[in-house]
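So you can see what is in the structure, the chains are spelled out below.
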Amino acid sequence: DGTVGLNWAFEDQLGGSTLNIQRRESQQDWQTIHLQDARDQQFFADPVAQGGLYQYRIVAIDINGDEFASPTVEVFVPQAPVNWIYDANLENKDL
């Protein structure tokens, strides 16, 4: 398992706003995985599975309760790299 790092910037200040960091897999319903103050502009989402395909979005909620969703970002978590072992003793052997 691993972690996905999310970073963002806003064109306008969102003073007093709360951010819902949301994630979904395979077109399932959005799940809020974290709440934070709008002044923070990064989050590390975990756990994520190797070979998983995830979609993320940020939903800002202003002081009036109005919600504004960011565009969706899709993240593919690759499989772990394969560890190769080279044995010089086998180099010239017929396997």
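Notes on the structure in this doc start here. (Residues numbered from 1 in each chain as written. Predicted model: local features only at pLDDT ≥ 70, side-chain atom pairs only at ≥ 80, totals over all residues. Heavy atoms only, no water.)

### Some details on the nonpolar core
Moving on, step 1. By size, the foremost hydrophobic cluster in this structure holds 15 residues, and its most contacted members are Val4, Leu6, Trp8 and Tyr56.
Moving on, step 2. Broken down by secondary-structure element, the contributors of at least two residues to this core are strand S1 (2-7), strand S2 (18-25), strand S4 (42-48) and strand S5 (53-61).
Moving on, step 3. Apart from the residues lying within four places of it in its own chain, the contact partners of valine 4 are Phe43, Phe44, Ala45, Val48, Tyr56, Val75 and Val77. (Core = buried A, V, L, I, M, F, W, Y, C linked by side-chain atoms within 4.5 Å. Buried < 20%, exposed > 50% of the residue type's maximum accessible area, 1.4 Å probe, protein only. Helix = DSSP H or I, 4+ residues; strand = E, 2+ residues; numbered from the N terminus. Contact = heavy atoms within 4.5 Å.)

### Side note on unusual backbone geometry
Moving on, step 1. Between aspartate 46 and proline 47 the backbone carries a cis peptide bond, its omega angle lying at 0 degrees.
Moving on, step 2. For proline 47, the position within the fold is in strand S4.
Moving on, step 3. With a phi angle near 50 degrees, serine 26 is a residue other than glycine that sits in the positive phi range.
Moving on, step 4. The topology assignment puts serine 26 in the loop between S2 and strand S3 (31-37).
Moving on, step 5. Look at serine 26 and you get exposed, because its relative accessible area is 66%.

### Concerning the side chain of glutamine 22
Moving on, step 1. If you trace the backbone, glutamine 22 turns up in strand S2.
Moving on, step 2. Since its relative accessible area comes to 9%, glutamine 22 is described here as buried.
Moving on, step 3. In this structure the side chain of glutamine 22 is engaged in a polar contact, spanning 3.2 Å, whose partner is the side chain of threonine 32.
Moving on, step 4. Residue contacts for glutamine 22: discarding those within four places in its chain leaves Trp30, Gln31, Thr32, Ile33, Gln55, Tyr56, Arg57 and Val59. (Polar contact = N/O pair within 3.5 Å; in protein donor to acceptor, adjacent residues only side chain to side chain.)

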